[in-house]
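Below are the chains, spelled out letter by letter.
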Amino acid sequence: MSPSIDYDAPTPPYQQIATEIIRDIESGTLAVDRPIPSESALIQRWGVARDTARRAVRHLRELGYVYTVPQRGTYVRDRSGADEPSG
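Residues numbered from 1 in each chain as written. Predicted model: local features only at pLDDT ≥ 70, side-chain atom pairs only at ≥ 80, totals over all residues. Heavy atoms only, no water.

## Focus on the layout of surface pockets
Take a probe with the size of a water molecule and roll it over the atoms, and the empty space left behind shows itself. Filter applied, for reference: Cavity: a set of points on a 1 Å grid over the protein atoms alone where a 1.4 Å probe fits but cannot get out. Pocket: an open set with protein on both sides within 12 Å along at least five of seven lines, its lining residues, like those of a cavity, having an atom within 4 Å of a point. Grid points are joined across faces, edges and corners, and a volume is the space filled by probe spheres set on the points. Think of it this way: any DSSP run of H or I at least four residues long counts as a helix, any run of E at least two long counts as a strand, and we number them from the N terminus.
Reported here for the largest pocket is a volume of approximately 160 Å³. In terms of lining residues, the largest pocket is bounded by Ile36, Pro37, Ser38, Glu39, Val57, Thr68, Val69, Pro70, Gln71, Gly73 and Thr74. For the lining of the largest pocket, the secondary-structure elements that each account for two or more residues are β1 (66–69) and β2 (73–76).

Have a look at this one:
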């Protein structure tokens, strides 16, 4: 079953997509330092416009769940704190 956007919900579509990706990250379905689905894949999976897919990825980046490497993709960030320097 393909996920769907609830356009009548108070939560904007980009946040609905981001919430699903966060669930995948927190469940381990999307692993640290592994790529999240591309914008094109999000568009195809959710049936949304490119701007909506971009906003979802931007939202995830702002929340600290992912980081983007130009020309390479967007990857799951390690949120465990283990990569913070000590000292």
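## Focus on the environment of Arg77
The cut-off we apply is this: Only protein chains enter the accessibility calculation, which uses a 1.4 Å probe; a residue whose area is less than 20% of its type maximum is buried, one above 50% is exposed, and one in between is partly exposed. Any two residues whose heavy atoms approach within 4.5 Å are treated as being in contact.
Secondary-structure assignment places Arg77 in the segment after β2. With relative accessibility at 36%, the residue Arg77 sits in the partly exposed group. Through-space distance from the C-alpha of Arg77 to that of Thr11 is 24 Å; in sequence the pair is 66 residues apart. Among residues more than four places away in sequence, those in contact with Arg77 are Val32, Gly64, Tyr65, Val66 and Tyr67.

## Observations concerning helix α3 (residues 50–63)
Defined as follows: To estimate how far a helix should extend, the number of its residues minus one is multiplied by 1.5 Å. Taken from the helix axis, the directions to the C-beta atoms give the arc we talk about.
In a regular helix each residue adds 1.5 Å, so 14 residues correspond to 20 Å; α3 covers 20 Å between its end C-alpha atoms and thus fits that length. Among the residues of α3, those classed as buried are Thr52, Ala53, Ala56, Val57, His59 and Leu60. Axial view of α3: buried residues confined to an arc of 155 degrees, hence all on one face. Where the residues of α3 are buried, they touch α1 (13–27), α2 (39–46), β1 and β2. Backbone geometry just downstream of α3 places Gly64 in the positive-phi region, at approximately 85 degrees.

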